[in-house]
Amino acid sequence: MSTVGETVFEVDLNALRHNYEYLRSELRPGTKFLAVVKAYAYGHGAPPIALFLEKLGVDYFAVAYTGEGVELREAGVQAPIIVLHPQPVHFEEIIAHRLEPSLYSEEVLQRFAVTAGNGGLREYPVHLKFNTGLNRLGFDAGDVDKVVSFLEQHQAVKPVSLFSHLAASEDPEERDFSRVQISAFKQIADRFEHLAGFRPLLHQCNTSGILCYPEAHFDMVRSGIGLYGYGNDAIHSARLRPIGTLKSVISQLHRLEKGESLGYNRGFIAERPTITATLPLGHADGIGRPYGKGKSHVSVNGQPARILGNVCMDMLMIDVTGIDCSEGDEVIIFGKDPSAEELAATAGTISYELVTAISRRVKRSYKE
Ligand SMILES: *Cc1c(COP(=O)(O)O)cnc(C)c1O
């Protein structure tokens, strides 16, 4: 049995290309594509993912925080990078690395304009975020007039785009809500154009928006989870390919007799003779305690093996009773089977949380 010999998050760049091309094929020609590579490219490793996507022709990147953008610039990414959630303490760093801030309130707009102006800059590219119902971050529709008049007096910044974010694009039961968000965004864009006399790029769709609301693709779309191979429902996920496979290895096998316990706080008590395997992977690697206590399974030589007892910081134990396996054999934590979506669901969460939680101490490897 082939084995990588340690815990590794293996990334298939061909699958990434497939997902990118599939998502692109859903767009009208000319629509720009922004790849969301925040949170270390959803755990897959931001620099290699962004460099690969840049070669494929992605137009824009987005990260959440300034430091993530700096990491991409230092790796050599040249394309424009939006910082979705910057803080004023980082505005000089943003400018020094040619990053483009999302500005979401009068306070941050003003502070960024002052920083850019003090640096002697003109028309520095910025992106204006509007709230259409997520109620998380952004100007409100009623702020357009103030924003436009501020911009007319402050030539240090220039809005390259106006954008908004859908709250429930993956939820068919919330179609009415999403449509209200889309029409609210159109009204904001129209008012802005009417007052300012020009129309920045418009964008509102995340992955599920791309797949479910073609009428809302506007000038650009922003995809994160879809690039990594998850579509938020069975139909869309079937057309995408998960790019990451989290693999581990059996360090040791144990045989528990009936009544013997396993792990911290005796989190599992054998009701019958049980063969367990210990893996070098734990909650500090991103597989948290909610995956323990028999709720979730991983895959050993093609067979499902339950995670037993309490997940430890650096180890977890699985039930391999009846599975033909040896110390040194490979274990699939998630990938094809189980998928990250399936594994996440067993712990009451979503693929996004599972993949972004894989800690930096887990080695990433890339194959094409
Ligand atoms: C994270 C994020 C996205 C990406 O969403 P996916 O569902 O992963 O495609 C898009 N836009 C904004 C503003 C985000 O914060």
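Values in this document were obtained by computation on a predicted structure and should not be read as measured data. (Residues numbered from 1 in each chain as written. Predicted model: local features only at pLDDT ≥ 70, side-chain atom pairs only at ≥ 80, totals over all residues. Heavy atoms only, no water.)

Honestly, the overall build of the protein chain in this entry has me stumped. Any pointers?
Secondary structure summary: the protein chain contains 12 helices and 19 strands in total. In terms of principal-axis extent, the alpha carbons of the protein chain reach across some 75 × 40 × 40 Å. For the protein chain, the proportion of its 368 residues judged to be buried stands at 53%. Taking the contacts inside the protein chain whose residues are at least 6 apart along the sequence as the reference set, 65% of them involve residues at least 24 apart. When the accessible area of the protein chain is evaluated, it comes to approximately 16000 Å², of which 49% is carbon and sulfur surface. If the 37 positive side-chain charges of the protein chain are averaged to one point and the 45 negative ones to another, these points end up 1 Å apart. (Helix = DSSP H or I, 4+ residues; strand = E, 2+ residues; numbered from the N terminus. Buried < 20%, exposed > 50% of the residue type's maximum accessible area, 1.4 Å probe, protein only. Contact = heavy atoms within 4.5 Å. Areas by Shrake-Rupley, 256 points an atom, 1.4 Å probe, with all protein chains shown as cover. Lys, Arg positive; Asp, Glu negative; His and termini not counted. Charge placed at Lys NZ, Arg CZ, Asp CG, Glu CD.)

How should empty space enclosed by the protein be read in this particular structure?
Take a probe with the size of a water molecule and roll it over the atoms, and the empty space left behind shows itself. Under the counting rule described, the total for this entry stands at 1 cavity of 30 Å³ or more. If you add up the space inside the largest cavity, you get close to 40 Å³. Lining the largest cavity are Lys129, Phe130, Asn131, Thr132, Leu134, Asn135, Arg136, Leu137, Ser164 and His165. (1 Å grid on protein atoms, 1.4 Å probe; cavity = no way out; pocket = protein on both sides within 12 Å on 5 of 7 lines; lining within 4 Å. Points joined across faces, edges and corners; volume = space filled by probe spheres on them.)

Mind showing me how you'd approach the site of the ligand here?
Among the 13 residues in the neighbourhood of the ligand, the closest are listed as Lys38, Tyr42, Thr207, Ile225 and Tyr352. A distance of 2.7 Å separates an oxygen atom of the ligand from a polar atom in the side chain of Lys38. Thr207 is positioned with one of its side-chain polar atoms (N or O) 2.5 Å from an oxygen atom of the ligand. For the ligand, whose unbound accessible area comes to 390 Å², protein coverage reaches 93%. (Near = heavy atom within 4 Å. Polar contact = N/O pair within 3.5 Å; in protein donor to acceptor, adjacent residues only side chain to side chain.)

Is there a simple way to explain unusual backbone geometry in this structure?
Most peptide bonds take the trans configuration, and most residues that are not glycine carry a negative phi. Residue Asp337 is joined to Pro338 through a cis peptide bond whose omega torsion reads 0°. When you line up the elements, Pro338 lands in the loop between β18 (330-334) and α11 (340-346). Of note, Glu123 is a non-glycine position whose phi angle comes to about 55°, a positive value. Looking at the secondary structure, you find Glu123 in the loop between α6 (106-118) and β6 (124-129). Positive phi values are uncommon outside glycine, yet Phe218 reaches one of about 50°. In this structure, Phe218 sits in the loop between α9 (207-212) and β9 (220-223).

Explanation requested: the side chain of Asn131 in the structure shown.
Locating Asn131 in the fold gives a position in the loop between β6 and α7 (144-153). Look at Asn131 and you get buried, because its relative accessible area is 14%. What Asn131 contacts, discounting residues up to four positions off in sequence, is Arg136, Leu137, Gly138, Phe139, Asp140 and Ser164.

Please clarify how helix α1 (residues 13-25) should be interpreted in this entry.
Along an α-helix, residues three or four positions apart point the same way, because every turn accommodates 3.6 residues. Between the first and last C-alpha of α1 there are 18 Å, a value that for 13 residues agrees with the 18 Å anticipated at 1.5 Å per step. Taken residue by residue, α1 has Leu13, Ala15, Leu16, Asn19, Tyr20, Tyr22 and Leu23 as its buried positions. One side-chain oxygen at the N-terminal end of α1 lies 2.9 Å from the backbone nitrogen of Asn14; it belongs to Asp12. (Expected span 1.5 Å × (residues − 1).)

When you look at helix α3 (residues 46-56) in this model, what are you seeing that I'm missing?
Within α3, burial applies to Ala46, Pro47, Ile49, Ala50, Phe52 and Leu53. Each element contacted by the buried residues of α3 is listed here: β1 (8-12), α1, β2 (32-36), α2 (38-42), β3 (60-63) and α4 (66-74). Immediately downstream of α3, the backbone of Gly57 shows phi near 105°, a positive value.

Sorry if this is basic, but what is going on with the pairing of strand β16 (residues 303-308) here?
Note on strand geometry: in a regular strand, side chains alternate between the two faces of the sheet. Where strand β15 (residues 297-300) meets β16, 4 bridges bridge the pair, whose relative direction is antiparallel. Considered in β16, the bridge of Val298 is made with Ala305. As consecutive antiparallel partners, β15 and β16 are separated by 2 residues, and within that stretch Asn301 has a phi angle of approximately 45°, a positive value. Pairing between β16 and strand β17 (residues 316-319): 2 bridges, direction antiparallel. Pairing of Ile307 across the sheet is with Ile318, part of β17. (Pairing = 2+ DSSP bridges.)

Purely spatial values, then, with no claim about function.
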